[in-house]
Amino acid sequence: MNRKAVAFLLLAASTGCGVAFAGGAAESSNGAVTLHFANWVSAEEATRKNIGDVIAAFQQQNPGVTVDNVAIPFDEMHQQLLIETAGGNPPEVMQLNGPWPAELGGLGALADLGKYADQAFLDDNWKGGLEAGTYNNVLYAVPFGLTPHGFWWNKKLFAQAGLDPNSPPATVDDLIQDIKVLKSKLPSDVYPIALDTTKIDYALTEFWPWILTYGGRPMYNGSYDFTTPEVRKAFQFLQTAAQNGWTPVGQQIKDERELMANGKVVMKLDGPYLVGILRSLNPNLAGQAFFDTFGVTTVPLGVGDTPVTLADIHQLGMSAQAKQPRVAWKLIQFLVSSEISVKEYQVPYGLIPSLKSTVAKYPDLYANPVAQAYIKSVIPSMIGGPYDPQYGAAGQFIIRGMQQVAVGGGDLDQTLKDITSNLQTLYGK
Amino acid sequence: MPPRGHSSPRSRSDQRYAAAFLAPTLAILALVVFYPLATVLASSLRDANLLARAGGRFVGLGNFVRLLTLDEVFPTAVLNTVIFTASSVVGAFVVGFALALALSGRVPLRGFLRGIALIPWVIPGVIVALLTLYMFNGEVGIVNFTLRSLGLIRHFIPWFARERAALAALVVANVWNQTPFYFLMLLAGLQTQPEELVEAAKMDGAGVVLRFLNVTVPHLKGIIMIITALMVIWNFNNFDLIWATTQGGPVDATMTLSIYTYRQAFLSFQFGYSTAISVVWLLGLLAFSVFYIRVMEGSRRA
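Keep in mind it's a predicted model, so treat the numbers as computed, not measured. (Residues numbered from 1 in each chain as written. Chains lettered and ligands numbered in written order. Predicted model: local features only at pLDDT ≥ 70, side-chain atom pairs only at ≥ 80, totals over all residues.)

The secondary structure content of chain B amounts to 12 helices and 0 strands. Traced from its N-terminal end to its C-terminal end, chain B shows the element sequence α-α-α-α-α-α-α-α-α-α-α-α. What you see for chain B is a C-alpha radius of gyration of 25 Å, clearly larger than the 19 Å of a compact globule of 302 residues, by over 25%. In terms of principal-axis extent, the alpha carbons of chain B reach across some 65 × 65 × 35 Å. Split into buried and exposed, the 302 residues of chain B put 32% on the buried side. Counting only contacts in chain B whose residues sit at least 6 apart along the sequence, the fraction spanning at least 24 positions is 65%. (Helix = DSSP H or I, 4+ residues; strand = E, 2+ residues; numbered from the N terminus. Rg over C-alpha atoms; globule rule 2.2 N^0.38 Å. Buried ≥ 20, exposed ≤ 12 C-beta atoms within 10 Å, placed from the backbone. Contact = placed C-beta atoms within 7 Å.)

Written out as structure tokens, the structure reads:
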């Protein structure tokens, strides 16, 4: 082999090897369709097999359709979807959470599901569930399972403190009164309530219901004012709770749950999956023991007489680039409402079904007190979040402010002014 | 013989041959180093963000002006980076040097103790971070239990909810993790220390301290310069320990440049702005490296 040939081969090897990996289509020449379904539940040990069974059942019912199950850990999911979208190679169907539909929808990466969902399907959903996936009046995601924050309390610790174990606080005034009783009557290492004071994004998700229940609606409808009396009350509550030792500080949500599982936290906001989490942390809570120990209800009322919470739920979206959108929508519907999805995935995972008809169809699956409380009172109280494509950046300013008032010794009013000022700059107001 | 400055046909052929062999390496370097670097520099001059799909508007030095004049977190991030880096390097160096000196002589169980001392170094950064979270947990952490048992504190300290305590906790964890590196390098240097120099110093009446200052330290000077330079750069870039524990909080108490860049890029999606931070960060590290290399060269000449 002469020198020119050697040089050519070396250059070819260094520059051309990627060509072989390019390409790939959703539909092959024989009409077979491949859908990529990106989700985090396949990346989790507890749910991997269940969701795999659901996908296998879909493929069995739809010969010629192959679902490529793309498992991405929850912590990486958000970035991975953005990267794949930016790279022009998003999955056809994707599991979404919180503000992601607004972000990806704002990018033009998600399909308008209003074109595929019929009115009966939409009517079967809870209003708040659809709100959570809507941005600029376009439905970018439909609920996969409902996981809004309810107000959980430990009945046994209530009784130990001399409170009625079956009467959770109805209003925030009642709540503060109960907190004072719990603080004075229970051992010093037991905290009346858990509020997330860390810098993780979830701290804000967990705090929104408090802002909402006090009547605050910052970032809704183009208003970025955090200095309103309603928002101030919510931040004041956070500050007072942190400064008076009502809540543990600097504990991440998993630590708060661990404390709650072991009787060191009396009350907290959390989703319906808390049942499984607390049971896994404390085997003594198996079976009926859990329901004897914990109850769940709506977030205590701050203003008015209508409870409210944030629709922090699991959703499903479809790529705007999906080449077979009808098939992709079929998969979404199957995941949302099929019997195998309900029984093999949603119920074991602790999700409340997104469709009212599912509850009516399988009443025995939702007969336990937690599911009943969710279905009858928590879910009707949920509203969509103030999500938009800038929410990620906005959230950083709000979480910083939350930390300033809770653990940073910051002046409450100045902090709220700073948040407002930063948000107005961010949104160009 | 061909005239000077003109290469023979054979020589030119060799050059082409050499160039062909170098091409793959250069291509890879261009792909993984120069192209990303150029992209970062270009991006820092634009307001690239999540919504700006085409890469954003060209804003010139706008991102840098905002960073250096308006951003209230950036100065804190720079200060925290310097404090974290300096404390970690000095702390781990002192402990590592002490261990190396202690275990360089003939001590019982020397081999076993040397092995034990290396353990923190082989633990992955994320595991160190998780251990740190548990050890410094404000409710059940062993650090609080130990301090209270020793009578040093009366109430548990919520380490990651107190601004000063959080950075201190991370430095302690980082020193623990990095000490073995200094220990290993300095121990290797001590093994090559000429025994006759030490003996000569003894005969001249030098005590332990004088022998350490006038024989051991000069002998290890080269190693010390290299490992501290390396560790300054590594600690400047430390991400996993801080991200997995505090994510830069409470408030901005543990916000370093690496964490701030990440937050701007992947939580706020201000890609242009985050690349501007990384450009300033890169320039800072380059300035340090140039200064350090000059000091090293000056020291070597002296």
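Past the structure itself, the notes keep going.
So, on to helix 19 (residues 412-426) of chain A. Residue and element names in this part refer to chain A. Compared with the 21 Å implied by 1.5 Å per residue over 15 residues, the 21 Å span of helix 19 between its first and last C-alpha is a close match. By the burial criterion, the buried members of helix 19 are Thr-415, Leu-416, Ile-419, Thr-420, Asn-422 and Leu-423. Angular distribution of buried residues about the axis of helix 19 spans 165°; they occupy a single face of the element. Those residues of helix 19 that are exposed and angled more than 90 degrees off the buried face are Asp-413, Gln-414, Gln-424 and Thr-425. Elements that come into contact with the buried residues of helix 19 comprise helix 10 (229-243) and helix 18 (391-406). Gly-428, located one to two residues past helix 19, shows a positive phi value of around 65°. (Expected span 1.5 Å × (residues − 1). Arc of directions from axis to C-beta.)

Let us now look at the interface of chain A and chain B. Taken together, the contact between chain A and chain B spans 31 residues of the former and 29 residues of the latter. Every element with two or more residues in the side of chain A that touches chain B is listed here: helix 1 (3-15), helix 4 (100-106), helix 11 (253-261) and helix 18 of chain A. Among the elements that take part in the side of chain A that touches chain B, helix 1 of chain A stands out by supplying 8 residues, more than any other. Per-class residue counts for the side of chain A that touches chain B are 13 nonpolar, 13 polar and 5 charged. (Nonpolar A, V, L, I, M, F, W, Y, C, P; charged D, E, K, R; others polar.)

Now for the domain arrangement of chain A. Residue and element names in this part refer to chain A. Each assigned domain of chain A is listed with its residue range as follows: domain 1 (29-148 + 313-377) and domain 2 (154-310 + 390-426). Here the C-alpha centroids of domain 1 and domain 2 sit 28 Å apart. Taken together, the contact pairs 16 residues of domain 1 with 14 residues of domain 2. Of all the elements in the fold, those that place two or more residues in the side of domain 1 that touches domain 2 are helix 4 and helix 17 (369-378). Among the elements that line the side of domain 1 that touches domain 2, the one with the most residues is helix 17, at 5 residues. Of the residues that constitute the side of domain 1 that touches domain 2, the class distribution is 10 nonpolar, 5 polar and 1 charged. (Domains from an automatic or database assignment.)

This paragraph deals with the confidence of the model for chain B. Residue and element names in this part refer to chain B. On average, residues of chain B score 90 in pLDDT, and 95% of them reach the 70 mark or higher. In the model of chain B, helix 12 (residues 271-301) stands out as the element of lowest mean pLDDT, 86, in contrast to helix 3 (residues 73-102), which has the highest, 96. Two numbers describe this predicted complex: its pTM, 0.86, and its ipTM, 0.81. (pLDDT = per-residue confidence, 0-100.)

Right, let's get into helix 9 (residues 208-236) of chain B. All names here are of chain B. Taking 1.5 Å per residue, 29 residues should reach 42 Å; helix 9 reaches only 35 Å between its end C-alpha atoms and comes up short. For helix 9, the principal kink sits at Lys-221 and spans about 55°. Inspection of helix 9 places Thr-216, Leu-220, Ile-227, Met-231, Asn-235 and Phe-236 among the buried residues, and these make up the whole buried set. (Bend = angle between axes of the 7 residues up to and from the residue.)

Hydrogen bonds between backbone atoms are what pair the strands of a sheet, whose relative direction is either parallel or antiparallel. Residues and elements named next belong to chain A. Here we have 4 strands laid out as an open sheet, ordered 8-9-7-10, and mixed in their pairing. Here the strands that pair on one side only, and so sit at the sheet edges, are strand 8 (191-194) and strand 10 (294-297). If you compare each strand with its neighbour and ignore which way they point, the axes differ by 15° on average. (Pairing = 2+ DSSP bridges. Axes fitted to C-alpha atoms, helices over the stretch in contact; angles between N-to-C directions.)

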